[in-house]
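Here is how the chains run, residue by residue.
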Amino acid sequence: MNFGRGPSVVLNVGGTRYSFSREVLKDFPLRRVSRLHGCLSEQDVLEVCDDYDRERNEYFFDRHSEAFGFIMLYVRHGHLRFVPHMCELSFYNEMIYWGLEGSHLDYCCQRRLDDRMSETCTYYAAEEPNGGPEGKGRRPPGAEGRKKWLERMRRTFEEPTSSVAAQVLATVSILFVIVSMVVLCASTLPEWRAPENRSVEEQSRYTAESVREPSGIIEAICIGWFTAECIVRFIVSKNKCEFVRRPLNIIDLLAITPYYISVLMTVFTGENSQLQRAGVTLRVLRMMRIFWVIKLARHFIGLQTLGLTLKRCYREMVMLLVFICVAMAIFSALSQLLENGLDLGTKNKDYASIPAACWWVIISMTTVGYGDMCPITVPGRILGGICVVSGIVLLALPITFIYHSFVQCYHELKFRSARYSRSLSAEFLN
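Source: prediction; values computed, not measured.

Draft legend 1. Focus on the nonpolar core. Among the nonpolar cores identified, the biggest contains 38 residues, and Tyr59, Phe61, Phe91 and Trp98 are the most heavily contacted of them. Broken down by element, this core gets its largest block of residues, seven residues, from helix α5 (residues 88-98). Not counting chain neighbours up to four residues away, the residues in contact with Trp98 comprise Val13, Leu30, Arg31, Arg32, Val33, Phe61, Arg63, Phe68 and Ile71. Cys222, Ala255, Ile256 and Trp292 belong to the second-largest nonpolar core, a separate cluster that totals 14 residues.

Next comes the structure, spelled out in structure tokens:
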């Protein structure tokens with residue numbers, strides 16, 4: 001520490017004092033406390049804390065003392081949990097003040113914080129490490145301008161309602177998705193498909209020349225747009241590793257990559273004798289363009305709400321699948337035994353095995369009931385009625401949790417969209 005005297009310093013947080021040595025403050029886990037080590041004057045100190053006593057070398061912070069005690073437990077033991085009987089958002093506000101993030105919380109508390117923020121539609125922004133006018137002055141010339149430009153580009157590509165340019169870009173992207181889907185659907189019409197009785201050489205020439213057809217040109221233009229959009233979004237992203245791990249970006253990669261693979265396979269296969277096998281692979285790869293429909297989730301709140309609900313309710317979804325699998329195993333075994341396993345004079349060939357009976361169980365529990373399989377014995381029909389009622393009950397149990405999470409996610413995304421719409425209105429006024 002370049003300011004103050006004495007071998008130790010005292011932090012007074014809401015009336016509770018903590019004593020530390022000067023060297024400990026240099027690499028202290030809390031960013032606000034570690035900033036005290038680089039203070040050169042009393043003015044710098046007062047930008048970090050609320051008051052300073054030169055005689056006692058004591059720094060006063062007008063913050064929640066009990067919350068800071070739990071934060072100090074994290075500094076010592078590495079586990080951060082909420083203070084009992086304290087609002088999660090208030091404690092999270094204390095965390096941000098001291099330089100911590102939601103990821104520092106234990107997993108159970110992270111879930112509580114996410115639910116609480118979803119209910120109240122509250123958003124917090126972490127404090128910049130170089131905040132304040134003096135912090136900005138230490139940055140290299142032009143760094144602030146580049147950062148603002150990258151942030152504007154990122155918001156333009158990631159948030160369709162953040163600006164006029166973002167809305168235009170989103171509209172163009174939607175048009176490309178619609179055009180690519182129309183071309184994909186039209187390519188399956190009999191008039192567009194290549195005759196099946198072509199020879200191997202004709203198939204080779206057709207595959208090589210298909211890129212030069214109107215549908216191939218349109219497909220190449222759409223792929224070029226999606227590729228350029230994905231590259232620009234990757235360049236302007238803050239965290240490259242997080243960008244690659246996002247589900248929508250993975251879907252973009254799965255939608256773009258098959259086109260380039262099919263082009264490479266067409267170039268290198270030529271008139272090879274294995275062209276028939278390669279042709280099947282090419283058709284599969286071309287059909288993977290259906291993933292482009294999911295790209296619309298970037299521009300529609302409904303699809304975003306569905307994805308966010310599935311992400312937050314994965315435990316409830318797993319529980320629902322477990323319920324169905326357990327019931328399916330029990331009812332399929334009993335139905336196979338009653339319809340085919342016992343010598344009751346009538347054997348139902350549709351229930352010859354347990355895997356075959358699983359199909360009847362799943363369509364009965366989901367109340368679809370195609371009628372392609374049905375029990376013919378009295379015990380089998382009684383079991384079928386129990387199976388249908390059990391399916392209704394088991395499917396209804398987790399639905400309430402999923403519904404409430406869906407409503408919370410919808411209001412959260414609606415709030416964020418309204419916030420960007422307000423910034424868009426300010427842009428029009430300016």
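Draft legend 2. Up close: the sheet that holds strand β3 (residues 51-53). With respect to topology, four strands assemble into an open sheet ordered β2-β1-β4-β3, the strand pairing being mixed. Of all strands in the sheet, those bounded by a partner on one side alone are β2 (16-21) and β3. Strand-to-strand twist of the sheet, defined as the mean angle between neighbouring strand axes without regard to direction, takes the value 20 degrees. As defined by bridge partners, strand β1 (residues 8-13) adjoins strand β4 (residues 58-61) across four bridges and the pair is classed as parallel. Residue pairing across strands places Val13 opposite Phe61, the latter belonging to β4. The strands touched by helix α4 (residues 65-77) within the sheet are β1 and β2, with β2 carrying the most contacts at an inclination of about 35 degrees.

Draft legend 3. Molecular detail of the packing of aromatic side chains. The full count for this structure, using the stated rule, is twelve aromatic pairs. Measuring from centroid to centroid gives 5.1 Å for Tyr18 and Phe68, while their planes differ by 70 degrees, and the two rings are edge-to-face. Here Tyr18 is found in strand β2, whereas its partner Phe68 is found in helix α4, with 50 residues between them in sequence. What makes Phe68 buried here is its relative accessible area of 0%. With a centroid separation of 5.1 Å and 10 degrees between ring planes, the pair formed by Phe176 and Trp225 is classed as stacked. Highlighted residues: Phe176 in helix α9 (residues 164-186) and Trp225 in helix α11 (residues 214-236), separated in sequence by 49 residues.

Draft legend 4. Local environment of the pattern of salt bridges. Tallied over the full model, the rule gives seven salt bridges. A salt bridge links Arg17 to Glu58, with the nearest nitrogen and oxygen atoms 3.1 Å apart. Pair noted here: Arg17 is in strand β2 and Glu58 is in strand β4, with a separation of 41 residues, a long-range link. Across the pair Glu42 and Arg54 runs a salt bridge whose closest N-O atoms are separated by 3.2 Å. Highlighted residues: Glu42 in helix α3 (residues 42-48) and Arg54 in the loop between β3 and β4, separated in sequence by twelve residues. Judged by its relative accessible area of 32%, Glu42 is partly exposed. On the basis of relative accessibility, which here comes to 53%, the residue Arg54 falls in the exposed class. If you follow the salt bridges from partner to partner, you end up with Arg17, Asp53, Arg56 and Glu58 in one network.

Criteria and thresholds
Positions within a chain are numbered from 1, following the residues in the order the chain's sequence is written. Per-residue local features of the predicted model are confined to residues with pLDDT of at least 70, and side-chain atom pairs are confined, for both listing and counting, to 80 or more; whole-chain, interface and lining totals are unaffected and use all residues. Side-chain measures were taken over the full set of non-hydrogen atoms in the model, leaving aside hydrogen atoms and water. In this text, buried Ala, Val, Leu, Ile, Met, Phe, Trp, Tyr and Cys residues form a nonpolar core when linked through side-chain atoms within 4.5 Å. The buried label applies to any residue whose accessible area, calculated with a 1.4 Å probe on protein chains only, is under 20% of its type's maximum; exposed applies above 50%, and partly exposed to all values in between. Helix and strand assignments come from DSSP, with helices taken as H or I runs of at least 4 residues and strands as E runs of at least 2, each series counted from the N terminus. A contact between two residues is defined here by any heavy atoms of the two lying within 4.5 Å. For two strands to count as paired, DSSP must find a minimum of two bridges between them. Only the stretch in contact is used when fitting a helix axis, every axis being a line fitted to C-alpha atoms; angles between N-to-C directions are given from 0 to 180 degrees. Each aromatic pair joins two rings of Phe, Tyr and Trp (for Trp, the six-membered one) with centres within 6.5 Å, and gets the label stacked for planes under 30 degrees apart, edge-to-face for over 60, and tilted for any other angle. By definition, a salt bridge exists where a carboxyl oxygen of Asp or Glu is found within 4 Å of a side-chain nitrogen of Lys or Arg.

Note that every value here comes from positions in space, so none of it alone points to a role or purpose.
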